[in-house]
Amino acid sequence: MKDLLTKNLNPSQAEAVFFTKGPLIIFAGAGTGKTRVITHRIAYLLSLGVTPWSILAVTFTNKAATEMKQRVNDLAPQAGANVWVSTFHSFCAYFLRVEAKKIELNPDFLIYDFADQKNVIKDCLRELNIDEKKFKISTIVNKISRAKDDLKSSSDMAVAADIDDDFVGTTTATIYQLYQKKLDRVGALDFGDLIMRTVIALQQYPALLEHYQEKYKYIMVDEYQDTNHAQYMFVKLLAGKYHNVCVVGDDDQSIYSWRGADVTNILNFEKDYPDAKSVKLEQNYRSTPKILTAAGQVVKHNSERIDKQLWTQNSDDGSVSVVTAVNENDEAAKVIDLILLKTLRNQYNLSDFAVFYRTNAQSRTFEEAFIKAGMPFVIIGTLRFYDRAEIKDIMAYLKLIHNPNDNVSFKRIINIPKRGIGKTSLESLEKFAILKDISIWQAIPFALEAGLTKNAVVALNSFRQLVKAFTDLKNNASVKEIAKKVITYSGYSKDLENENTPESKSKIENIRELVSAIDNFEHRSTDKTLAGYLTQVSLISDIDSLDESKGKVTLMTLHLAKGLEFNNVFLCGLEEGLFPIGKSAFDSEDLAEERRLMYVGMTRARKHLYLCWATERTVYGETKWNIPSRFIEEAGFKDELAEKKQVFQKSQNFGQGFNRTRWNDTGNSGGYKKYAKVEVKYRNDNSYDYIPSDDEIIKDAPLYTPTEDASPYKIGTLVSHPVFGKGKIIEKNGAGNDLKLVVLFETGQWKKLLARIANLTID
DNA sequence: TAGCCCGGCGTTTTT
DNA sequence: CGCCGGGCTA
């Protein structure tokens, strides 16, 4: 077996695979075969006679987990199936359900997602009489989530805020406390709770910890650079007895610090385990040398990183090109031109192309351009299937059936379809429920007492009957049957049928898709209960089903691109202010993370990488001037950018690039929906009489003369303000009397100012 | 109660 | 520019 495995591995990979006793850290650069190492290591352990049940491999995404599981199965056909490969969250959800009774937890707990969290926070603010404008809901959700990532309770937060004399912190802690109370009362856990409660349980119940330490003698963690403190503790606890812990990661690909990920986890691994073995994987199997060099040059600008030098035996040069566009439409047109010509030359299929951007807002332009071009594409992640209103509605019914005390779901569907229970009625009922410390569901019998109108009481009771009837089904009917009954008897489908609009038709389609998804779940899953279904759903994401994108160009944000690879990659919107985004250029840590994101994007490319930027971009209805992202220069294109600027000055005509006139507007946009997965049929038009080269498209763009910018205020200009002091212009919009500036002051605060009245002096 | 209008706001979001 | 949510009116 060892020989068999060795054949597939390079020396460092083999070193990692065959090191099985004690802590091991694998620094795996992009494309160096880390999944191969993990899966082969598992196979090797199994070949040594390690029981599959004692191996635990954790990842961050379901997609990664599924893929890993598949590959382990391929390598070790029988035993492989019994290795536990899952995400942190699904492992913890499983753990908490199984051990619920021991740790005094309701085993029927619901899992609240971001939207649910926001709803609860909103209630908290109302209850505590806090102005939503002063305390932004999503900010609070984030703060609470970060606290949980750090294993901090509301009282921890309160104490810390008190010491720092931090009013905002104190208030947030108060909100956190009430929020937690609401979750506890309902029996709901948010994502952070899944990890935190698991860690707390392991800490509080030594017998439980002992049991799991004994059970999982071998632990492997993928993407270790993205672990937060709670996940770190989870791993540390589980591995506490045998120390057979193998972590794999790349500090250069740490892009989730804003979500609580703590790179020091990977940087300090050798401190945590002094006897740890460390292996660096540096041979890249994905990209051509040019791409690797460019990506390496970019990430080298970060100071605090573990030095590594990716290299490749790949002899194909590949290419890295800068694509300069006039504006965002031109950028999209050029991307499409390049894709089109490469597919027309039969060099590549559409699925060989990916378009990455920094913000979701950028996807719109591409969406429109692709539809216009009749080029099939798929946008990942803008709106998840399970985030669609109609799906959430049906899911809310299912959640309520599972747990009628779920106030968030209750409020979502109490008047959907309309039952004549409006805002006022609901508000009074909720107030009553809070007063009596019961759920809204439990408050229904007291509706009259709560001051609701007769009509509302009648409607409320019939709603109660409806849900009760569904609940009675729970033990005898499958999830699918329940769902079907809900869709019909709630009146939901009838409502949509009556509406009879394109939107309502698409909603009906989606609901059908949901039913077949449930059907699929029942065929695949071992736990076929409603609870099992709800758990599974709350832990999946859109990218998990990326495989469907065959024959289509893939569009997504850079964050979602991690772990993927494509022959041709377009990195778009490479402009200062957009990427690196906003004010991140002024904070060295933020900038470093942006740079890592750039590095991740670049290293997705196998053969050709296009760095795209537009001199002008309309954002939120305002047209802004841009300068190319520093990352283009850092990738080694300083001279080329200088050349581009010269071409700009000379050119006159604009927007007559290749085949932009060739695409007419009759391209099939019939099936177009503004949803996560947009599919458009390819318009089979063979009327291309001239196919230009890459270069012609790339060089053709800057046919544009920017109007002279006469204002003395430029991005980067140092200014003084009579009140705020010295600062630097970091953004500018509009012109003349409307010229608006964003100035970052030395105090650290930034202000939006109207140049006309701001009374700025240039330093 | 429900529908319309207006004003504010807009970075990324593995689970 | 478009979306969402709050508040006002029929």
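About the cut-offs
Each chain has its residues counted from 1, following the order in which its sequence is written. Chain letters start at A and ligand numbers start at 1, both assigned in the order the entries are written. A pLDDT threshold of at least 70 governs which residues receive local features in this predicted model, and a stricter bar of 80 or more applies before side-chain atom pairs are shown or counted, although totals over entire chains, interfaces and linings include all residues. Only heavy atoms go into the side-chain values, all of them from the structure, while hydrogens and water stay out. Per the convention used, a helix needs a DSSP run of H or I reaching at least four residues, while a strand needs a run of E reaching at least two, with both numbered from the N terminus. Burial classification: accessible surface area is computed with a 1.4 Å probe over protein chains only, and a residue below 20% of its type maximum counts as buried, one above 50% as exposed, and the rest as partly exposed. Should any heavy atoms of two residues lie within 4.5 Å, those residues are counted as being in contact. Computed by Shrake-Rupley with a 1.4 Å probe, the accessible areas treat only the displayed protein chains as cover when residues are assessed. What a helix is expected to span follows from its residue count: subtract one and scale by 1.5 Å. Throughout this description, a polar contact denotes any pair of N or O atoms lying within 3.5 Å of each other; where both atoms belong to protein, one of them has to be capable of donating a hydrogen while the other can accept it, and for residues adjacent in sequence the pair is counted only when both atoms sit in side chains. Axes here refer to lines fitted to C-alpha atoms; in helices the fit is confined to the stretch in contact. Angles between the N-to-C directions go from 0 to 180 degrees. Any angle that is under 35 degrees is reported as roughly parallel, and any over 145 degrees as roughly antiparallel; angles of 65 to 115 degrees are reported as roughly perpendicular and all others as oblique. Gly is put with the polar residues, along with every residue not named as nonpolar or charged; the nonpolar set is Ala, Val, Leu, Ile, Met, Phe, Trp, Tyr, Cys and Pro, and the charged set is Asp, Glu, Lys and Arg. Following DSSP output, two strands are said to pair if at least two bridges run between them. In this analysis, a patch consists of residues with relative accessible area above 30% that form no salt bridge, clustered at 9 Å for like charges and at 5 Å for the nonpolar side chains Val, Leu, Ile, Met, Phe, Trp and Tyr. Note on definitions: salt bridges are taken to be side-chain nitrogens of Lys or Arg within 4 Å of carboxyl oxygens of Asp or Glu. Note on charges: Lys and Arg go in the positive column, Asp and Glu in the negative column, and His and the chain ends are not counted at all. The atoms used to mark charge sites are NZ of Lys, CZ of Arg, CG of Asp and CD of Glu. You can read pLDDT as the predictor saying how much it trusts each residue, on a scale of 0 to 100. Here, nonpolar core means buried Ala, Val, Leu, Ile, Met, Phe, Trp, Tyr and Cys residues that are tied together by side-chain atoms lying within 4.5 Å of each other. Pairing of aromatic rings covers Phe, Tyr and Trp, the last counted by its six-membered ring, and requires centre-to-centre distances within 6.5 Å; plane angles under 30 degrees mean stacked, over 60 mean edge-to-face, and any other angle means tilted.

Some thoughts on the overall build of chain A
Helix and strand counts for chain A come out as 31 helices and 21 strands. A buried classification covers 55% of the 763 residues belonging to chain A. By sequence separation, contacts in chain A at least 24 residues apart represent 75% of the contacts at least 6 residues apart. Total accessible area on chain A is roughly 34400 Å²; 50% of this is exposed by carbon and sulfur atoms.

Looking at helix α16 (residues 328-344)
Counting along an α-helix, one turn takes 3.6 residues, and residues three or four places apart therefore face a common direction. The first and last C-alpha atoms of α16 sit 24 Å apart over 17 residues, in line with the 24 Å expected at 1.5 Å per residue. Of all 17 residues in α16, 15 are buried; the element is thus mostly enclosed. Its side-chain oxygen at 3.0 Å from the backbone nitrogen of Asn329, Asn327 defines the N-terminal cap of α16. Asn346 occupies a position one or two residues after α16 and carries a positive phi of about 60 degrees.

What about unusual backbone geometry?
Trans peptide bonds make up the majority, and among non-glycine residues the majority have a negative phi. Of note, the bond from Ile416 into Pro417 is cis; its omega dihedral lies within 30 degrees of zero at -5 degrees. By the secondary structure assignment, Pro417 is in the loop between α19 (407-413) and α20 (423-436). Cis geometry marks the peptide bond from Phe579 to Pro580; its omega dihedral reads 5 degrees. Here Pro580 shows up in the loop between β13 (566-571) and α28 (588-602). In this model, Asp437 sits at a positive phi of 60 degrees, which is unusual for a non-glycine residue.

Quick look at the packing of helix α18 (residues 389-402) against helix α22 (residues 454-473)
Relative placement of two packed helices is described by the angle separating their axes and the distance separating the axes. Contact geometry for α18 and α22: axes closest at 9 Å, N-to-C directions at 75 degrees. Overall, the two elements α18 and α22 adopt an arrangement that is roughly perpendicular. Contacts between α18 and α22 involve Tyr397, Leu400 and Ile401 from the first element and Phe463, Leu466, Val467, Phe470 and Thr471 from the second. In terms of residue class, the contact of α18 with α22 is built from seven nonpolar, one polar and no charged.

Some points on the sheet that holds strand β2 (residues 55-59)
Read across the sheet, six strands follow the order β3-β2-β6-β7-β1-β8 without closing on themselves; strand pairing throughout is parallel. Looking at which strands have only one partner, the edges of the open sheet turn out to be β3 (84-87) and β8 (277-281). Each strand axis lies, on average, 15 degrees off the axis of its neighbour in the sheet, ignoring direction. The pairing of strand β1 (residues 24-28) with strand β7 (residues 245-249) spans four bridges and is classified as parallel. Bridging from a neighbouring strand, Ile25 pairs with Val247 of β7. Along the sheet, helix α4 (residues 62-75) contacts β2 and β3; its crossing angle with β3, the most-contacted strand, is approximately 165 degrees.

Looking at a negative patch on the surface
Taken together, the side chains of Asp162, Asp164, Asp165 and Asp166 present a region of like negative charge at the surface. Secondary-structure assignment places Asp162 in helix α8 (residues 154-163). The exposed category is assigned to Asp162, whose relative accessible area is 59%.

Comments concerning the pattern of salt bridges
In this structure the tally under the stated criterion is 36 salt bridges. Of the charged contacts, one joins Asp193 and Lys148 as a salt bridge, the two residues approaching to 2.9 Å between their closest N and O atoms. Placement of Asp193 in helix α10 (residues 191-204) and of Lys148 in helix α7 (residues 137-149) is noted, with a sequence separation of 45 residues between them. With respect to burial, Asp193 and Lys148 carry one shared label: buried. Two residues, Glu210 and Lys241, come together in a salt bridge whose shortest N-O distance is 3.0 Å. Placement of Glu210 in helix α11 (residues 206-215) and of Lys241 in the loop between α12 (229-238) and β7 is noted, with a sequence separation of 31 residues between them. What makes Lys241 partly exposed here is its relative accessible area of 38%.

Describing the confidence of the model for chain A
Looking at chain A, pLDDT values average 85 and 88% of them are 70 or higher. Confidence, read as mean pLDDT per element, is least for helix α30 (residues 694-700) in chain A (62) and greatest for α11 (97). Throughout residues 647-690 the model reports pLDDT below 50, and contacts reaching past four residues in sequence, or to other chains, amount to 106 contacts. Taken together, the stretch residues 701-708 has pLDDT below 50 and engages in 29 contacts with residues farther than four places along the chain or on a different chain.

Focus on the sheet that holds strand β11 (residues 377-379)
The six strands are arranged β9-β14-β13-β10-β12-β11 in an open sheet whose pairing can be described as parallel. The open sheet has two edge strands with one neighbour each: β9 (319-325) and β11. Pairwise comparison of adjacent strand axes, ignoring direction, gives a mean angle of 20 degrees for this sheet. The strands that helix α17 (residues 363-373) touches are β10 (353-357), β11 and β12 (553-557); relative to β11, the one it contacts most, it runs at about 160 degrees.

Points about the environment of Gln442
Position of Gln442 relative to the elements: it lies in helix α21 (residues 440-443). Exposure remark for Gln442: the relative accessible area of 36% places this residue in the partly exposed category. A sequence separation of 37 residues divides Gln442 from Asn405, and the C-alpha atoms of the two residues are 7.3 Å apart. One polar contact links the side chain of Gln442 to the main-chain amide nitrogen of Ser439, over a distance of 2.9 Å.

Observations concerning the pairing of β10
Counted residue by residue, β10 has five buried out of five residues, so it is predominantly covered. Alternating positions in β10 separate into two faces, Phe353, Val355 and Tyr357 on one and Ala354 and Phe356 on the other, with burial throughout. Note that β10 and β13 share four bridges and pair parallel. Of the residues in β13, the one forming a bridge with Phe356 is Leu571. Two strands pair when backbone bridges link them, and β10 and β12 are joined in this way by four bridges, in the parallel orientation. If you follow Ala354 over to β12, its bridge partner there is Thr554.

Observations concerning the nonpolar core
Ranked by size, the top nonpolar core spans 121 residues in total, and within it Leu398 and Tyr533 carry the most contacts. Beyond its immediate sequence surroundings of up to four residues, Tyr533 is in contact with Tyr386, Met395, Leu398, Val479, Leu514, Ile518 and Phe521. Formed by 39 residues, the second largest nonpolar core is a distinct cluster that contains Val322, Ala354, Phe356 and Val569.

Some remarks on the environment of Thr172
Here Thr172 is to be found in helix α9 (residues 167-186). Since its relative accessible area comes to 2%, Thr172 is described here as buried. Residues in contact with Thr172, not counting those within four places in the same chain, are Phe135, Ile140, Lys143 and Met157. One polar contact links the side chain of Thr172 to the main-chain carbonyl oxygen of Val168, over a distance of 2.6 Å.

Focus: the packing of aromatic side chains
Each aromatic ring pair is specified by the distance between its two centres and by the angle formed by the two planes. By the definition in use, this model includes 23 aromatic pairs. Plain terms: the ring middles of Tyr256 and Trp258 are 5.6 Å apart, the flat faces sit at 45 degrees to each other, and that makes the pair tilted. When the centroid spacing of 5.7 Å and the interplanar angle of 85 degrees are considered together, the rings of Phe410 and Phe463 count as edge-to-face. Of this pair, Phe410 sits in helix α19 while Phe463 sits in helix α22, placing them 53 residues apart in sequence.

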